[in-house]
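These are the residues of each chain, in order.
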Amino acid sequence: MPTKYIFVTGGVSSSLGKGIFCASLGRLLTAHGLKVTIQKLDPYINVDPGTMNPYEHGEVYVTDDGAESDLDLGHYERFLDYPTSQANNVTTGRVYQEVIRKERAGAYLGRTVQVVPHIIDEIKRRILRLADNAAYDVVLCEIGGTVGDIESLPFLEAIRQLRYELDHACTVSAHLTLVPYLAAAGELKTKPTQHSVKTLLSFGLQPDMLVCRSDRRLGIELRRKIALFCNVEAQAVIAAVDAESIYEVPVNLAAQGVDRLVLAQLNLLGGIQTPKPDISGWMGFLERLKSPTSTITVALVGKYVAHQDAYKSISESFVLAGAELGISIRVRYVLSDTILERGVVSVLEGVAGVVVAPGFGRRGIEGKIEAVRYARTRDIPFFGICLGLQCAIIEFARNVCGWKGANSTEFDPTSPYPVIDFMEEQRGLETKGGTMRLGGYACHLVTGSLAYRIYGQEEVRERHRHRYEVNNEHRAALEEAGLCFTGLNVARNLVEIAELPAKRWFLGTQFHPEYRSRVGNPHPLFTSFAAAALAYTIEQWPAGSSAAS
Ligand code: GLN
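In this report, we go over the structure that sits alongside the text. (Residues numbered from 1 in each chain as written. Predicted model: local features only at pLDDT ≥ 70, side-chain atom pairs only at ≥ 80, totals over all residues. Heavy atoms only, no water.)

**Some points on the pattern of salt bridges**
Spelled out, the test is: When a carboxyl oxygen of Asp or Glu lies within 4 Å of a side-chain nitrogen of Lys or Arg, that pair is called a salt bridge. Every helix listed is a DSSP run of H or I at least four residues long, and every strand listed is a run of E at least two residues long, numbered separately from the N terminus. Classification of residues uses two cut-offs on accessible area relative to the type maximum, computed with a 1.4 Å probe and protein chains only: under 20% is buried, over 50% is exposed, and between them is partly exposed.
Under the counting rule described, the total for this entry stands at 35 salt bridges. In this structure, Arg101 engages Glu98 in a salt bridge whose closest nitrogen and oxygen atoms are separated by 3.0 Å. Of this pair, Arg101 and Glu98 are both found in helix H4 (residues 92-104), three residues apart, which corresponds to roughly one turn of the helix. Taking relative accessible area as the criterion, Arg101 reaches 48% and is therefore assigned partly exposed. The partner of Asp337 in a salt bridge is Arg363, and the shortest N-O contact between them spans 3.8 Å. Of the two residues, Asp337 sits in helix H13 (residues 336-342) while Arg363 sits in the loop between strand E14 (353-356) and helix H15 (365-378), which places them 26 residues apart along the sequence. Exposure remark for Asp337: the relative accessible area of 24% places this residue in the partly exposed category. Arg363 sits in the partly exposed class, given a relative accessible area of 43%. Where salt bridges share partners, they join Lys40, Asp42, Asp70, Asp72 and Glu142 into one cluster.

Quick look at the structure:
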């Protein structure tokens, strides 16, 4: 069977949730027994989002093979429970980089290199590559941006050509739009959707399905009207009413038969292994998500907290861990600078756990170190992730070992105690993009440690994104003072996990466990940390006493 493609575009407005739609539809198709992957095409010129500030772009998601990619890939992995790779995120920058490389190598000798055909061909090659070796039955291909943007034109043209070239039953075009409610008129309005479809038509693309976002029910009359004016079947006008949680979306789509519609068009209805999607596991997860028995509050200390997408995988990891434990985990986002401005006690008082977030650069560091001190000295569950681990080591060095001026050379290159330092291979590097320690590395756990007990195994593999490491020269002295290095990269002799066994739950990881949380299978470190925070909550504020929030 040839690989089938579902192309997903968006119109009227950005932030309509194309990524969640793709992840949800992908999840339903896997529930029919199909092998599915999702690809994101991003129109910006950065080769990847790794060089962008989280305020520009949100979180950078890292795949096991070391791609710094769009945060939608995180949704894809969490929903589908299947790893993505370098091939799953294609940017305009990456496409041009390859075409220009080939041009310099003489691959187009004698010819003028142009958007049509060379750029378009390179985009098509990258889309079709996912069909190699019949690895997937269905590829969902999400085009970033909004239809009509100048920069996404080459992607739309590539899709138009693929729809023309591939067999009719091999592709579906789904278009997400917004159906706004005008309070003054007391009505939902379909005109923006009609205009958006016209724009899409002007690029030669007729959608087969319209997914209409709205804040209230879309009646049948309205859907018939949209169908008539946009030339799609009435049953293919899907209502995507705002959901309480993104995890409801697959269920809402299944209720409208979106999976069957798509399968019918792709000629897959007869042959698929499971005619009805098996979403019982997902339903069980939703049930737990919607009926928490208690609520706890943990602080997430970082410097990009004003942007709701900057720590996406961490916040979703808490949602998933909460469902696993049957509790609701409220995350209090704490801007690290405010800890110094307003005092750590006033900012962190009442939390049942402290997470210090990943990050880069000097700003906000002292506030993070103060947050570690607060958690350590009061024995509040503490979880440091990447930079969070590095801050925990600096805090320990300064306040337990008494090493004045201990720091990371990222923030103080002349520190007398550089407990966190550049990796040797990073020293000569002059370029920034894609040059960190990236992707999955093996980590060996020390038997009997907290980490070992949580994972229940000796060897694990976790994903990284950083330039600096715990400085081996100071390891012995830190251990002497009570810090335990319980996760190690044996091949490179690097610290991956540090713990304070004297505390109830004090652990930091050099890697990013948040990238491996899945629906129904949250990362065990998050679940264990949340369970410790729950125990702390019960101990501090037993039922009946006024719980802190
Ligand atoms: N800035 C630190 C480093 O590069 C930590 C990076 C991170 O938290 N992802 O090592």
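**Here we look at the packing of H4 against helix H5 (residues 115-128)**
Rule in force here: Note on definitions: angles span 0 to 180 degrees between N-to-C directions of axes, and those axes are lines fitted to C-alpha atoms, for helices only across the stretch in contact. Helix crossings get a hand from a simple test, with the near helix turned counterclockwise from the far one by less than a right angle marking a left-handed crossing and a clockwise turn marking a right-handed one. Residues count as neighbours in contact if any of their non-hydrogen atoms are within 4.5 Å of one another. Under the scheme applied, nonpolar residues are Ala, Val, Leu, Ile, Met, Phe, Trp, Tyr, Cys and Pro; charged residues are Asp, Glu, Lys and Arg; polar residues are all the others, including Gly.
For the pair H4 and H5, interaxial distance at closest approach is 10 Å and the crossing angle is 115°. Read as a crossing pair, H4 and H5 show a hand that is right-handed. Every residue of H5 that contacts H4 at Arg94, Val95, Tyr96, Glu98, Val99 and Lys102 is listed here: Val115, His118, Ile119, Glu122, Ile123, Arg125 and Arg126. Here the residues of the contact of H4 with H5 sort into six nonpolar, one polar and six charged.

**Points about unusual backbone geometry**
Looking along the chain, the bond that leaves Val116 and enters Pro117 is cis, with omega of 10°. Here Pro117 lies in helix H5. Even without being glycine, Ser15 reaches a positive phi, approximately 60°. Mapping Ser15 onto the fold places it in the loop between strand E1 (4-10) and helix H1 (18-30). Although it is not a glycine, Asp81 sits at a positive phi angle of roughly 50°. Topologically, Asp81 is positioned in the loop between helix H3 (72-80) and strand E5 (89-91). Look at Asp81 and you get partly exposed, because its relative accessible area is 46%.

**Section: the site of the ligand**
Where we set the bar: The cutoff for a nearby residue is simple: one of its non-hydrogen atoms must lie within 4 Å of the molecule or strand. Contacts described as polar in this section are N or O atom pairs within 3.5 Å, which, within protein, must combine one atom able to donate a hydrogen with one able to accept it, while residues neighboring in sequence count only if both atoms come from side chains. The protein chains shown are the only cover counted for residues, whose accessible areas, like all others here, come from Shrake-Rupley with a 1.4 Å probe.
In the region of the ligand, the neighbouring residues are Pro358, Gly359, Phe360, Cys386, Leu387, Gln390, Glu410, Arg465, His466, Arg467, Tyr468 and His512. Here Leu387 contributes a backbone N or O atom positioned 3.0 Å from an oxygen atom of the ligand. A distance of 3.3 Å is found between a nitrogen atom of the ligand and a side-chain nitrogen or oxygen belonging to His512. In isolation the ligand exposes 300 Å². Once the protein is present, 99% of that is buried.

**Remarks on the nonpolar core**
Nonpolar side chains tend toward joint burial in soluble globular proteins. Condition: To form a nonpolar core, buried Ala, Val, Leu, Ile, Met, Phe, Trp, Tyr and Cys residues must be joined to one another through side-chain atoms within 4.5 Å.
In terms of nonpolar packing, the biggest core is built from 79 residues, with Phe318, Leu348, Val354, Phe383 and Ile393 touching the most fellow members. Excluding residues within four positions of it along the chain, Leu348 makes contact with Ala299, Val301, Arg332, Val334, Val354, Ala371 and Tyr374. If you look at the next biggest cluster of nonpolar residues, it comprises 47 residues, including Val8, Met209, Leu266 and Ala323.

**What about the pairing of strand E18 (residues 437-445)?**
Stated formally: One requirement defines pairing of two strands: DSSP has to find at least two bridges between them.
By the criterion of burial, E18 is predominantly enclosed, with seven of the nine residues buried. Looking at chain direction, E18 and strand E19 (residues 459-466) are connected through eight bridges and run antiparallel. Of the residues in E19, the one forming a bridge with Ala442 is Arg461. Pairing between E18 and strand E21 (residues 484-489): two bridges, direction antiparallel. Opposite His444, over in E21, you have Leu488 as the bridge partner.

**Some points on helix H10 (residues 258-265)**
Burial in H10 covers these residues: Val258, Asp259, Leu261, Val262 and Leu263. Looking at the buried positions of H10, the neighbouring elements they touch are E1, H1, strand E7 (171-178), strand E10 (209-214), strand E11 (237-241) and helix H9 (249-255). At the exit of H10 stands Asn267, carrying a positive phi of roughly 60°.

**Describing the layout of surface pockets**
Going by this rule: Throughout, the protein atoms alone are placed on a 1 Å grid, and a set of points is a cavity if a 1.4 Å probe fits but cannot get out or a pocket if it is open with protein on both sides within 12 Å along at least five of seven lines; lining residues have an atom within 4 Å of a point. Grid points are joined across faces, edges and corners, and a volume is the space filled by probe spheres set on the points.
Here the second largest pocket defines a volume of roughly 670 Å³. Taken together, 36 residues make up the lining of the second largest pocket; nearest its centre are Gly50, Gly359, Phe360, Met436 and Arg465. When residues of the lining of the second largest pocket are traced back to their parent elements, those giving at least two are helix H16 (387-399) and E19. Residue composition of the lining of the second largest pocket, grouped by class: 16 nonpolar, twelve polar and eight charged.

**Let's talk about the sheet that holds E18**
The sheet built from nine strands is open, its strands ordered E13-E12-E14-E15-E23-E22-E21-E18-E19 with mixed pairing. Looking along the sheet, the strands with just one partner apiece sit at the ends: strand E13 (327-335) and E19. Within the sheet, the average angular offset between the axes of one strand and its neighbour, ignoring direction, is 30°. Sheet analysis places E21 next to strand E22 (residues 494-499), joined by five bridges and oriented antiparallel.

**Description of the state of the cysteines**
Stated formally: The disulfide definition used here is simple: a pair of cysteine sulfur atoms within 2.5 Å.
Enumeration according to the criterion identifies zero disulfides in this entry. Unpaired in terms of disulfides, Cys141 finds its nearest cysteine sulfur in Cys22, a separation of 8.4 Å. Residue classification places Cys141 among the buried residues on the basis of a relative accessible area of 0%. No disulfide involves Cys170; its sulfur sits 14 Å from that of Cys141, the nearest cysteine.

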